[in-house]
Amino acid sequence: MSTEALSAYLQIHLSLKCSLDDKIMMNDRVCKIIRVLQKIIEKSTLLTKSLNWVKDFWNQSCFEVVMKSRRLRIIWKMQDTLEAWNKYLKHNDHKNKIIQQMKCAHFRTQMHELSEALKSIWCFAKWARIESQLFKKLSQFLSLKWSDINHMITTFKKKIEILREKFFLSSSQANVNDIAESFISLTVSFNSRITKDEVKQTIRRVKADKASNTSNISNKALQASLAKLISVLTSLFNACIIHKYHSKQFKKTQTIVLHKSKKSDYIDSKMYRLIALLNIMSKALKSIMIKRLSDIVEIHHMLSNAQMRAKCKQFMISTLNLLINQVHTMWDCEIKYVIFMLSLDVVKAFNQVSHVRLLHTLKMKRMLSYIIKWTCSFLKNRETSLIFKKQMSNIREINANISQRFFISLILFLFFNASLIEKCEALRIKIEVLDFINNINILVYDRFTEEICRTLSKAHNVCAK
């Protein structure tokens, strides 16, 4: 479809006459955008199948020898003589050699380019390690073990139930009796309106060939129609901010179950991992909210310096460097300190998050009201369907309190964990706390081992409550 035809189609089917005054109208607008994009993709996608020999190595030399080989075969069919047959066989061998040479030359060129580029060499290493150059094996529908007993599950429906129980089982209701009703608003204003430039930059920043969910709308299609959709998307995202609402269509996902590599046995559900396929408009809105949430955290210092990952360019390597520097600083002191570290990994951390406590913590951290209410809407009523061995289950609601597959969940978990870090730091003893998402490292130093043990016991009791 040409650019002019695309613009005309969008102008006819996506008018902005109706305002987005309630949640129903917002959901209808999302559905309409999805239908229009699907129609555009259907009209603009070529249905012709490419030729089998169209490969990267194919060039004019390959084309010429193949065409000559076909002509000689036709001549042999017409003449049916030994001389014509020998000419055809001789040229056919020459054709195979030319094609093999072109393949070899193309492969060597690729290897040279990979060796020259620093990032590409790791792609080549991964390609060689996972043996993707070999023929793909047929997918096998393996049995799964039910719990700790030796009962094997073979039907697809029961396997899905096991996987749902493994990945989406919610925890028991948390005790929130210690939460008091209080709210402190921000004294400094922060612009809540989403601009067209924000939407444009966010969508263009996403890789064009990322997998799409059930809507089958790729990032490439959205980016191609962005010039005409930018006003529609901006008004939709601003309506989500104004009404503090995350659209129902944005909460529907597809979750692919993949087996972990290099495992000896795949009958245990622990040997599998998940990849979530999200709505592309939902990803754009969440990226904007993540940026705003991170900016507010940085400007108003809402999180402790011991908490990592919520800040720009702070990843696992930064956490390890900070930990090493802390240890070396203690070693360089005149007093010879004994250093112990207690590492706590919260089991099923994201399933243990209480929405009530998380929203209360956001209020106590003076987070903006519209972000708190949008977060509340974002966390509720999420649905997904599981895809396992090329079969899809029915869509059902997710019971997990926070989905670990969303980047925004990592920042929200830091807020949920903030009160625990503050309690450890408030002990006023020789203790350093370092938090990386759900991994809490408590570094204790003292001259005597007995005193360190008492300190670690106090810190552990605080964390266990």
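For the structure, see preceding data.
One structure accompanies this document, and this report is about it.

Reading guide: rules and limits
Residues numbered from 1 in each chain as written. Predicted model: local features only at pLDDT ≥ 70, side-chain atom pairs only at ≥ 80, totals over all residues. Heavy atoms only, no water. Helix = DSSP H or I, 4+ residues; strand = E, 2+ residues; numbered from the N terminus. Buried < 20%, exposed > 50% of the residue type's maximum accessible area, 1.4 Å probe, protein only. Contact = heavy atoms within 4.5 Å. Areas by Shrake-Rupley, 256 points an atom, 1.4 Å probe, with all protein chains shown as cover. 1 Å grid on protein atoms, 1.4 Å probe; cavity = no way out; pocket = protein on both sides within 12 Å on 5 of 7 lines; lining within 4 Å. Points joined across faces, edges and corners; volume = space filled by probe spheres on them. Nonpolar A, V, L, I, M, F, W, Y, C, P; charged D, E, K, R; others polar. Salt bridge = Lys/Arg side-chain N within 4 Å of Asp/Glu carboxyl O. Phe/Tyr/Trp six-rings, centres within 6.5 Å; stacked < 30°, edge-to-face > 60°.

### Details of the overall build of the chain
Move 1: Within the chain, the secondary structure is distributed over 15 helices and 11 strands.
Move 2: Out of the 465 residues in the chain, the part that is buried amounts to 39%.
Move 3: Partitioning the intrachain contacts of the chain with sequence separation of at least 6 by distance along the chain shows that 69% fall at a separation of at least 24.
Move 4: Surface accessibility of the chain: about 28,800 Å² in total, with carbon and sulfur atoms responsible for 54%.

### Side note on empty space enclosed by the protein
Move 1: Counted by the stated rule, this structure contains three cavities of 30 Å³ or more.
Move 2: Each pocket or cavity is described by its volume, and for the largest cavity that value is around 60 Å³.
Move 3: Surrounding the largest cavity, Thr-202, Ile-203, Val-206, Asn-219, Leu-222, Gln-223, Ile-280, Lys-283 and Ala-284 form its lining.
Move 4: Looking at the lining of the largest cavity residue by residue, the classes come out as five nonpolar, three polar and one charged.

### Here we look at the pattern of salt bridges
Move 1: Scanning the entire structure with this criterion turns up four salt bridges.
Move 2: Of the charged contacts, one joins Glu-198 and Arg-292 as a salt bridge, the two residues approaching to 2.9 Å between their closest N and O atoms. Placement of Glu-198 in helix H7 (residues 196–205) and of Arg-292 in helix H10 (residues 280–300) is noted, with a sequence separation of 94 residues between them.
Move 3: Residue Glu-198 is classed as partly exposed on the basis of its relative accessible area, which comes to 23%.
Move 4: Between Lys-291 and Asp-295 there is a salt bridge whose closest N-O contact spans 2.8 Å. Of this pair, Lys-291 and Asp-295 both sit in helix H10, four residues apart, which is roughly one turn of the helix.

### A few points about the packing of aromatic side chains
Move 1: Counting across every chain of the model gives four aromatic pairs.
Move 2: Relative to Tyr-88, the ring of Trp-85 lies with its centre 5.9 Å away and its plane at 40°, an arrangement referred to as tilted. Taken together, the positions of Trp-85 and Tyr-88, both in helix H4 (residues 82–116) and three residues apart, correspond to about one turn of that helix.
Move 3: Exposure remark for Tyr-88: the relative accessible area of 11% places this residue in the buried category.
Move 4: Relative to Phe-378, the ring of Trp-374 has its centre 5.4 Å away and its plane inclined at 10°; by these criteria the two rings are stacked. Of this pair, Trp-374 and Phe-378 are both found in helix H13 (residues 369–379), four residues apart, which corresponds to roughly one turn of the helix.

### Comments concerning the environment of Lys-389
Move 1: Position of Lys-389 relative to the elements: it lies in the loop between strand S7 (383–388) and strand S8 (391–392).
Move 2: As a C-alpha pair, Lys-389 and His-259 span 130 residues in sequence and 9.9 Å in three-dimensional space.

### What to know about unusual backbone geometry
Move 1: Positive phi, normally seen in glycine, also occurs at Asp-80, with a value near 55°.
Move 2: Note on placement: Asp-80 falls in the loop between helix H3 (60–79) and H4.
Move 3: Positive phi is not limited to glycine here, since Asn-381 has a value of about 55°.
Move 4: Its location among the elements puts Asn-381 in the loop between H13 and S7.

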